[in-house]
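# Coordinate analysis (summary)
What follows is each chain in one-letter form.
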Amino acid sequence: IMLSRSKAMNMALASGAGMAALNTMADCFLVGAPAASGTPARIVGADAAGSLRGRSTQGTTQETGASASIGPVGLLSAAALGLSAAARPSSKKAAAAAGRSTGAVARRVATVDVDVEAANGVQESGPGSDGADEIAGFGGGFGGYTKSNTAARRVVPTEQQAENRQRIKVVYVVLESQYQSSMSAAVRQINKSSTGLCVECVGYLLEEIRDQQILKELQADLEDANVFICSLIFVQELAEKLVEVLTPVRDKLDACLCFPSMPEVMKLNKLGTFDLTAISGGPLGSFAQQIKDVRQQSLGDKKKPAGGGSFQDGLLKLVRTLPKVLKFLPGDQAKDGSAFILSLQHWLGGTPENLEAMLMRVAGGYVPSVVAMNMIDVKSIMEPVVLPDMGIWHPCAPQIFDSAQDYNEWYEKVHLPLVGVAKDAPCVGVVLQKSHIATKDDGHYVAMVQEFERRGARVLCAYTGGLDFSVPMTQYMARDSGEGIVDAVVNLTGFSLCGGPASQDAKKSKEVLMKFNRPYLVSIPLVFQSFTEWQESDLGLHPVQVALQVALPEIDGAIEPIIYAGRDGQSGRAIPMQDRINALATRALNWARLRKKQNAEKKICICLFQFPPDKGNVGTAAYLDVFGSIFSVLKKLKEEGYSVEDIPESIEGLQKSVLEDPLASFSMSDLNVGYRMSVDEYEKLCPYAMDLRENWGAPPGTLNTDGKDLLIYGKRFG
């Protein structure tokens, strides 16, 4: 029971904002206010059990600005001290985020890993009990990041659930872990039901099958599987590996559902008499030929794909035309084709209810042992509930918007007054993945949106089900000219702008971003490690993620690769890291504000190379005139309205003003001291100051100090 005298606080609690981990403790929350306030109580629905965070109505934000100085910085000290930024705290009133409309489901949000032992200690007492299924072999861990933990994605029915029930096995391979939670929940619900069916389910992440041992585990699981499911298999070498292990067992499988993937993978589809590549006739002609045509269009005149998601997005569009050809198929093929399309729509819907319906539909229609017992009424299974493939999303909105105009009308009239954000506040565009929203694995998205709004900023969140994230960005966040209507963009997918994780098109990304002309940040959710595994690893971020989500986006032109969300090792759900979300919000909003500042208000710091530390090595570079370049830059800055004062008349004068201090009387004495930083100020600005003492000793130390302060060498001009 959480009591608050503030209506805004009650709405913040109801909206599910992020801190206390109450995930598994309640089936619903009753959120209300004392009778004196007159605020009616409200129920957050039965699926709303989640982590809630109440915020005070006063929040403190920090704005960083580069120090206006030029100075030599040693390689280690620059990284450790971060002296190019000076914090200026400023208080801003930030109202709590508004609640969702009546009937909406609050989002689950957590900032810590689920306690595995406690969660795993609950045992089933029977098929209809409320406990969790057994997690077979749980506890593998990554061991740094070299081992995978597929055991955490294996759901096995308990002995009580399996007793006198028909058991089937489902194996799936997906691009990312967001489907794990929905699939596991769907399987557990089936196992708790009284349908006479129980399911064993195990999942693999696509990148894991690079490991030969994991590939062998997948092969072994396929040997006794009834149903196989895969989606978005667009990495060529991994598609070939999957085809290699899937082909020998395809005929033994009762159903093989290969949703949009490379052509060689989709050829392995099997659902009764339905053959995707054999469709011909009707208004669309040969489906197999169209796949080839889409592939050829993506290749152009090259032997390799052009990248940028052109083939992947083209294939997704082509698959969505399948309902148009059903009436041109013979009876059995039309029936099986309809089942395939419904299964695809269930899959794209992504929720546990959709995936449960998909599994029941496939088992009831195509697993012989289940069909023979007539235990599932396929006709009574729910129709797919699917999100639009692209749109504008907000955690508090009653719907997905298909235009920025409709979104802004709701946002400005309904939401902004509730959260206390001004209409003319800086606006941050946020790029999202549809799969996280569809599967309701969106806690990290919710936390990010609420942090921006808590700081008084507007947000515009656009998502797509494809792999070309430039499409929603340009459609919803840009003018017809391609220039952005937002002040900064944060890509929370962690992937390249054009092509996602499958095939990057850096040239197209550059063209889009040059026209867009706004700061572009790409932030990283952990995929192959849980938060704890990443935190405890000596090796850091998984090397596959370093390549896909740090290196490739930087080629596009992305900045600020901050890890902002972890992954729960048991459920696979995304877990927002609040301290890092705070840091990301600070950086994004600073970039947004910087764009609107007048040049005269901006502060610029130029750091000079100096290694090994010695006066003679300040600003040295082979065949480059460092001080001459700085002299030209300072003059140009002054012409463009920056506050630059007291520039020496010559390059030699500039060099002398930086390198010589007539009042100095200690080591490196003739370097000019630009700033004296007290120990208190240093420890305030450097959150890791205590950690540095082990190797560097207590500040101010013995280098670059007068015994009292830390000395920052350089010269201010303005």
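As a reminder, the structure under discussion sits directly above these lines.
We now turn to the structure provided with this report. Given the structure is predicted, the values throughout are model-derived calculations rather than measurements. (Residues numbered from 1 in each chain as written. Predicted model: local features only at pLDDT ≥ 70, side-chain atom pairs only at ≥ 80, totals over all residues. Heavy atoms only, no water.)

### Focus: the sheet that holds strand β18 (residues 563–567)
Taken together, 3 strands build an open sheet; the order of strands is β17-β18-β19 and the sheet is mixed. One side of each edge strand has no neighbouring strand; the edge strands of this open sheet are β17 (524–525) and β19 (574–576). As paired elements, β18 and β19 share 3 bridges and run antiparallel to each other. Residue alanine 565 lies in a different strand from β19, and its bridge partner there is proline 576. Packed onto the sheet, helix α16 (residues 443–454) meets β17, β18 and β19 and runs at close to 25° relative to β19. Of the strands in this sheet, β18 and β19 are in contact with helix α21 (residues 578–596), which crosses β18 at around 155°. (Pairing = 2+ DSSP bridges. Helix = DSSP H or I, 4+ residues; strand = E, 2+ residues; numbered from the N terminus. Contact = heavy atoms within 4.5 Å. Axes fitted to C-alpha atoms, helices over the stretch in contact; angles between N-to-C directions.)

### Re helix α12 (residues 352–366)
With 15 residues, α12 should reach 21 Å at 1.5 Å per residue; the first-to-last C-alpha distance of 21 Å fits that figure. The buried fraction of α12 is high, at 11 of 15 residues. (Expected span 1.5 Å × (residues − 1). Buried < 20%, exposed > 50% of the residue type's maximum accessible area, 1.4 Å probe, protein only.)

### With respect to the sheet that holds strand β12 (residues 390–393)
An order of β12-β14-β13-β15-β16 is seen for the 5 strands of this open sheet, with the pairing classed as mixed. At either end of the open sheet lies a strand with only one pairing partner, and these are β12 and β16 (520–522). Each adjacent strand pair in this sheet contributes to an overall mean axis angle of 20°, direction not counted. With 4 bridges joining them, β12 and strand β14 (residues 458–464) adopt antiparallel strand pairing. Counted as the bridge partner of glycine 391 is tyrosine 463 from β14. Of the strands in this sheet, β12 and β14 touch helix α14 (residues 404–419), which is tilted by about 140° from β14.

### As for the pairing of β18
When a strand is regular, its side chains alternate between the sheet's two faces. Most of β18 is tucked away: 5 of the 5 residues are buried. If you look at the hairpin formed by β18 and β19, you'll find 6 residues sitting between the two strands, and glycine 572 has a positive phi there, around 80°.

### Topic: the nonpolar core
Counting residues in hydrophobic clusters, the biggest one holds 58 residues, and the most contacted among them are Trp393, Leu432, Phe452, Met473, Met477 and Leu492. Residue contacts for leucine 492: discarding those within four places in its chain leaves Val430, Val431, Leu432, Tyr445, Met448, Ser523, Pro525, Tyr564 and Leu584. Counting residues in each nonpolar core, the second largest holds 43 residues, with Leu344, Tyr366, Ile381 and Leu548 among its members. (Core = buried A, V, L, I, M, F, W, Y, C linked by side-chain atoms within 4.5 Å.)

### Quick notes on unusual backbone geometry
Here the bond from proline 699 into proline 700 is cis, since omega is 10°, no more than 30 degrees from zero. Looking at the secondary structure, you find proline 700 in the loop between α25 (689–696) and β22 (710–713). The residue glutamate 560 is not glycine, and still its phi comes out positive at about 60°. You can see glutamate 560 is positioned in the loop between α20 (543–556) and β18. The residue aspartate 646 is not glycine, and still its phi comes out positive at about 55°. Topologically, aspartate 646 is positioned in the loop between α22 (626–639) and α23 (651–659).

### Observations concerning the environment of methionine 262
Of note, methionine 262 is situated in the loop between β11 (255–258) and α8 (263–266). Owing to a relative accessible area of 3%, methionine 262 belongs among the buried residues under this scheme. Distance from methionine 262 to alanine 239, taken between C-alpha atoms, is 6.8 Å for residues 23 residues apart in sequence.

### Points about the packing of α22 against α23
Packing of α22 against α23 brings their axes to within 9 Å, and their N-to-C directions diverge by 105°. The angle between α22 and α23 falls in the class roughly perpendicular. Residues Phe627, Gly628, Ile630, Phe631 and Leu634 of α22 form the contact with α23, whose participating residues are Ile651, Leu654, Gln655 and Val658. Class assignment of the residues belonging to the contact of α22 with α23 gives a composition of 7 nonpolar, 2 polar and no charged. (Parallel < 35°, antiparallel > 145°, perpendicular 65-115°, else oblique. Nonpolar A, V, L, I, M, F, W, Y, C, P; charged D, E, K, R; others polar.)

### Points about the pattern of salt bridges
Taken as a whole, this structure holds 24 salt bridges when the rule is applied. Notably, a salt bridge pairs lysine 335 with aspartate 336, separated by 3.7 Å at the nearest N-O pair. Take lysine 335: its relative accessible area is 51%, and that puts it in the exposed class. Its salt-bridge partner being aspartate 706, residue arginine 676 comes within 3.7 Å of it at the nearest N-O pair. Within this pair, whereas arginine 676 is found in strand β21 (residues 673–677), its partner aspartate 706 is found in the loop between α25 and β22, the two being separated by 30 residues in sequence. (Salt bridge = Lys/Arg side-chain N within 4 Å of Asp/Glu carboxyl O.)

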